[in-house]
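These are the residues of each chain, in order.
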Amino acid sequence: MPVDLNGYWKMISNDNFEEYLKALDVNVAIRKIATLLKPDKDITHDGDHIVIKTLSTFKNYNMDFYVGKEFEEDLSGAESWRSCLPAGFQEDLRRL
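I will try to describe carefully the structure that is included in this document. This structure is a prediction, so every number in the text was calculated from the model and none was measured.

Per the secondary structure count, the chain includes three helices and six strands. Walking the chain from its N terminus toward its C terminus, one meets helices and strands in the order β-α-α-β-β-β-β-β-α. Each of the 96 residues in the chain was classed as buried or not, and the buried ones make up 27%. Put simply, 37% of the contacts in the chain that link residues at least 6 apart link residues at least 24 apart.

Bringing the packing of aromatic side chains into the picture now. Here the distance between the centres and the angle between the planes together describe a pair of aromatic rings. Scanning the model with the defined rule gives one aromatic pair in all. With a centroid separation of 6.1 Å and 25° between ring planes, the pair formed by F17 and Y20 is classed as stacked. Highlighted residues: F17 and Y20, both in helix α1 (residues 17-23), separated by three residues, approximately one helical turn. On the accessibility criterion, F17 (25% relative accessible area) is partly exposed. A cation over an aromatic ring shows up here: K69 above the ring of Y66, its NZ or CZ 5.5 Å from the ring centre.

Take the environment of Y8 next. Inspection of the secondary structure assignment puts Y8 in strand β1 (residues 7-10). Residue class for Y8 comes out partly exposed when judged on its relative accessible area of 46%. Put simply, Y8 and T44 are 36 residues apart on the chain and 9.0 Å apart in space, counted from C-alpha to C-alpha. Ignoring anything within four residues of it in the chain, the contact list for Y8 reads D40, K41, D42 and L55. Among the polar contacts listed, one links the side chain of Y8 to the side chain of D40, at a separation of 2.8 Å.

Conventions adopted
Residues numbered from 1 in each chain as written. Predicted model: local features only at pLDDT ≥ 70, side-chain atom pairs only at ≥ 80, totals over all residues. Heavy atoms only, no water. Helix = DSSP H or I, 4+ residues; strand = E, 2+ residues; numbered from the N terminus. Buried < 20%, exposed > 50% of the residue type's maximum accessible area, 1.4 Å probe, protein only. Contact = heavy atoms within 4.5 Å. Phe/Tyr/Trp six-rings, centres within 6.5 Å; stacked < 30°, edge-to-face > 60°. Lys NZ or Arg CZ within 6 Å of the ring centre and 35° of its normal. Polar contact = N/O pair within 3.5 Å; in protein donor to acceptor, adjacent residues only side chain to side chain.

See below:
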């Protein structure tokens, strides 16, 4: 049975987040602000369609995509890029 991601998720910690943002080439000012935030995620997961709403006091944004299909991802402060969540990602999540 696929992992059900539906729900409202609260961030508990963001260990090594600044290093992750640095690797994405996010500018230093946005990195510093981002590391102070603890955004919530509101996830709607219906089959292969996933909508992730990121909610914070700094900026809210949405990701709307289908598993296995390439989509544009806007990372403010970094270059926009194309992403693709592989079809088997749910099995990887189950192992966590």
